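Summary of structural features
Residue-level listing of the chains:
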Amino acid sequence: MREVQAVIFDLDDTLWEVGPVIVRAEHAMRSFLAERYPRVLARHSLESMRDVRARMAIEHPAMRHDFTWLRLESLRHHAREAGYPEAMAEEAFAVFYAARNEVTLYDDVLPALERLHGRFRLFAASNGNADLVAIGIARYFEASLAARDAGMLKPDPRIFSLLLGRAGLEPAQALHVGDDAF
């Protein structure tokens, strides 16, 4: 059977605007660091922290698909550099991650998911690290696959093959909805 049975959604910038979410999450993390670990901010601005994270992606190309690892590893670096225990990284990341999952869905997202749910099998495939449970929309999705779990970034076709294989679907049976035509 070749008819479309499933819809695979991208998340960031498809179901919500991610830029303001990340900025807000980074500012929440910065406030946390200012209160609890001020020596980090004596050495770094948010911009220089982003630069360190970007450098980590270059230095560790096998991990560039894992935004969680990159953020945690760069925070560990900042902790060591400022003379704090590496546990600081997990604490700061928890603050970031909580705010990262406080998204505002585009107005048409919930009506669309309601309409599609039950008619199609719904999946999510994302390069990001959003948590569908924390966001409150997990009930619409049969499964999700993040780049960090797949071991590669979209648009690598293997991430879609992996998700389709797990779902028992052929490529012709699924439609991908995203904000980038690749």
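Above this text you will find the structure in question.
Residues numbered from 1 in each chain as written. Predicted model: local features only at pLDDT ≥ 70, side-chain atom pairs only at ≥ 80, totals over all residues. Heavy atoms only, no water.

1. Digging into the layout of surface pockets
With a probe scaled to a water molecule rolled over the atoms, the places where space remains empty come into view. As a volume, the largest pocket reaches approximately 480 Å³. Looking at the lining of the largest pocket, the elements with two or more residues in it are helix H1 (18-36), helix H3 (46-59), helix H4 (67-82) and helix H5 (87-100). Of the residues belonging to the lining of the largest pocket, the class tally is 8 nonpolar, 6 polar and 10 charged. (1 Å grid on protein atoms, 1.4 Å probe; cavity = no way out; pocket = protein on both sides within 12 Å on 5 of 7 lines; lining within 4 Å. Points joined across faces, edges and corners; volume = space filled by probe spheres on them. Helix = DSSP H or I, 4+ residues; strand = E, 2+ residues; numbered from the N terminus. Nonpolar A, V, L, I, M, F, W, Y, C, P; charged D, E, K, R; others polar.)

2. Description of the pattern of salt bridges
If you walk through the whole model with that rule in mind, you get 13 salt bridges. For Arg53, the salt bridge is made with Glu26, and the minimal N-O distance between the two is 3.3 Å. You can see Arg53 sitting in helix H3 and its partner Glu26 sitting in helix H1, a full 27 residues away along the chain. Residue Arg53 is classed as buried on the basis of its relative accessible area, which comes to 16%. Residue classification places Glu26 among the buried residues on the basis of a relative accessible area of 2%. In the salt-bridge network here, residues are joined through shared partners; they are Glu26, Arg50, Arg53 and Arg71. (Salt bridge = Lys/Arg side-chain N within 4 Å of Asp/Glu carboxyl O. Buried < 20%, exposed > 50% of the residue type's maximum accessible area, 1.4 Å probe, protein only.)

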